[in-house]
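# Coordinate inspection notes
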Amino acid sequence: MTMTKIAVIYYSSTGTNYKLAQWAEEGAKEAGAEVKVLKIPEIAPKEAIESNPGWKAHIEATKDVPEVTLEDLEEADGFIFSMPTRFGNIPGQMKQFLDTTGGLWFQGKLVNKVVSAMASASNSHGGQEQTILSLYTTMFHWGAIIAAPGYADPITFGAGGNPYGTSVTVDQEGNMKEDVMEAVKFQAKRTAQIASMIKNGVK
């Protein structure tokens, strides 16, 4: 069997989705995958970033995390995306990157990639589910295979019960209101396992 390659791709302004990405990395590694954690390039104006101390601090703290490239997408067998919601949709930073994947899509190089997604918001009905589903729309166009956690493990209920992908609520101080670490790891393991089945053949 060839080792499965998983790219954990996140966008985070103040750190929540970076933490989710780190937990996903742990889960995928526990499933035997080779994992890269990659960030979406920041496109927000410098003035906006400078006006928010938490945003500025997070960018500085993660300056050594590599930015995702199209080559990373081509090389990986599966992806786990993590992002905050923006009015029930994916952030502009994520959308801009996805819009650069047309060449890979046209060449069929994203077909059968295994994908799962996670999201955060500042309130419990802030659009987390819709954000995940919005990202999955692009994945359907890729011909990717969605590996949602569903209710394949009771851990999903303890983390809030989102079957589309782990989601979390974050207060104004940046604290996660739900305990989602184990749910994230389960989702990542499931993604890596399904990617391995597709890459190596179901045993």
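Everything below is about the structure shown above.
As the structure is a prediction and not an experimental result, all values here were calculated from the model.

Summed over the entire model, instances satisfying the criterion amount to ten salt bridges. For E26, the salt bridge identified is with K185, shortest N-O distance 3.0 Å. Placement of E26 in helix α1 (residues 16-30) and of K185 in helix α9 (residues 181-200) is noted, with a sequence separation of 159 residues between them. You can call K185 buried: its relative accessible area is 10%. Each of K36, D72 and E75 takes part in one network of salt bridges that share partners.

Mapped onto the fold, D64 is located in the loop between α3 (53-61) and α4 (70-75). Put simply, D64 and V170 are 106 residues apart on the chain and 25 Å apart in space, counted from C-alpha to C-alpha.

With that settled, consider the packing of α1 against α9. Helix-helix packing is described using two parameters, namely the angle between the two axes and the distance between the axes. One can describe the packing of α1 onto α9 by two numbers: an axis separation of 7 Å at closest approach and a directional angle of 50 degrees. What the angle tells us is that α1 and α9 run oblique. Considering only the axes of α1 and α9, their crossing is right-handed. Counted together, L20, W23, A24, E26, G27, A28 and E30 of α1 and M181, V184, K185, A188, K189 and A192 of α9 form the full contact between these two elements. Its residues assigned to classes, the contact of α1 with α9 comprises eight nonpolar, one polar and four charged.

Quick look at the side chain of N17 now. The residue N17 is located in helix α1 in this model. Among the residues examined, N17 registers a relative accessible area of 2% and is labelled buried. A polar contact of 3.0 Å, which involves the side chain of N17, links it to the backbone nitrogen of M83. In contact with N17, other than residues within four places in its own chain, are Y10, Y11, S12, S82, M83, P84, A119 and S120.

The terminal C-alpha atoms of α1, which comprises 15 residues, lie 22 Å apart, in line with the 21 Å expected from a rise of 1.5 Å per residue. Listed as buried for α1 are T16, N17, L20, A21, W23, A24, G27 and A28. The buried residues of α1 occupy an angular sector of 165 degrees when projected down its axis, which confines them to one face. Those residues of α1 that are buried lie in contact with β1 (5-10), β2 (34-39), β3 (78-84), β4 (114-121), β6 (167-169) and α9. Remark: G32 follows α1 within two positions and exhibits a positive phi of approximately 95 degrees.

Taken as a whole, this structure holds five aromatic pairs when the rule is applied. Considering the side-chain rings of F79 and F81, the 6.0 Å spacing of their centres and the 55 degrees angle between planes classify their relative orientation as tilted. For the pair F79 and F81, one class covers both residues: buried. Among the aromatic side chains, those forming a connected cluster through ring pairs are F79, F81 and W142.

Rules of the game
- Residues numbered from 1 in each chain as written.
- Predicted model: local features only at pLDDT ≥ 70, side-chain atom pairs only at ≥ 80, totals over all residues.
- Heavy atoms only, no water.
- Salt bridge = Lys/Arg side-chain N within 4 Å of Asp/Glu carboxyl O.
- Helix = DSSP H or I, 4+ residues; strand = E, 2+ residues; numbered from the N terminus.
- Buried < 20%, exposed > 50% of the residue type's maximum accessible area, 1.4 Å probe, protein only.
- Axes fitted to C-alpha atoms, helices over the stretch in contact; angles between N-to-C directions.
- Parallel < 35°, antiparallel > 145°, perpendicular 65-115°, else oblique.
- Left-handed = near helix turned anticlockwise from the far one by under 90°.
- Contact = heavy atoms within 4.5 Å.
- Nonpolar A, V, L, I, M, F, W, Y, C, P; charged D, E, K, R; others polar.
- Polar contact = N/O pair within 3.5 Å; in protein donor to acceptor, adjacent residues only side chain to side chain.
- Expected span 1.5 Å × (residues − 1).
- Arc of directions from axis to C-beta.
- Phe/Tyr/Trp six-rings, centres within 6.5 Å; stacked < 30°, edge-to-face > 60°.

The analysis is restricted to geometry; functional conclusions fall outside its scope.
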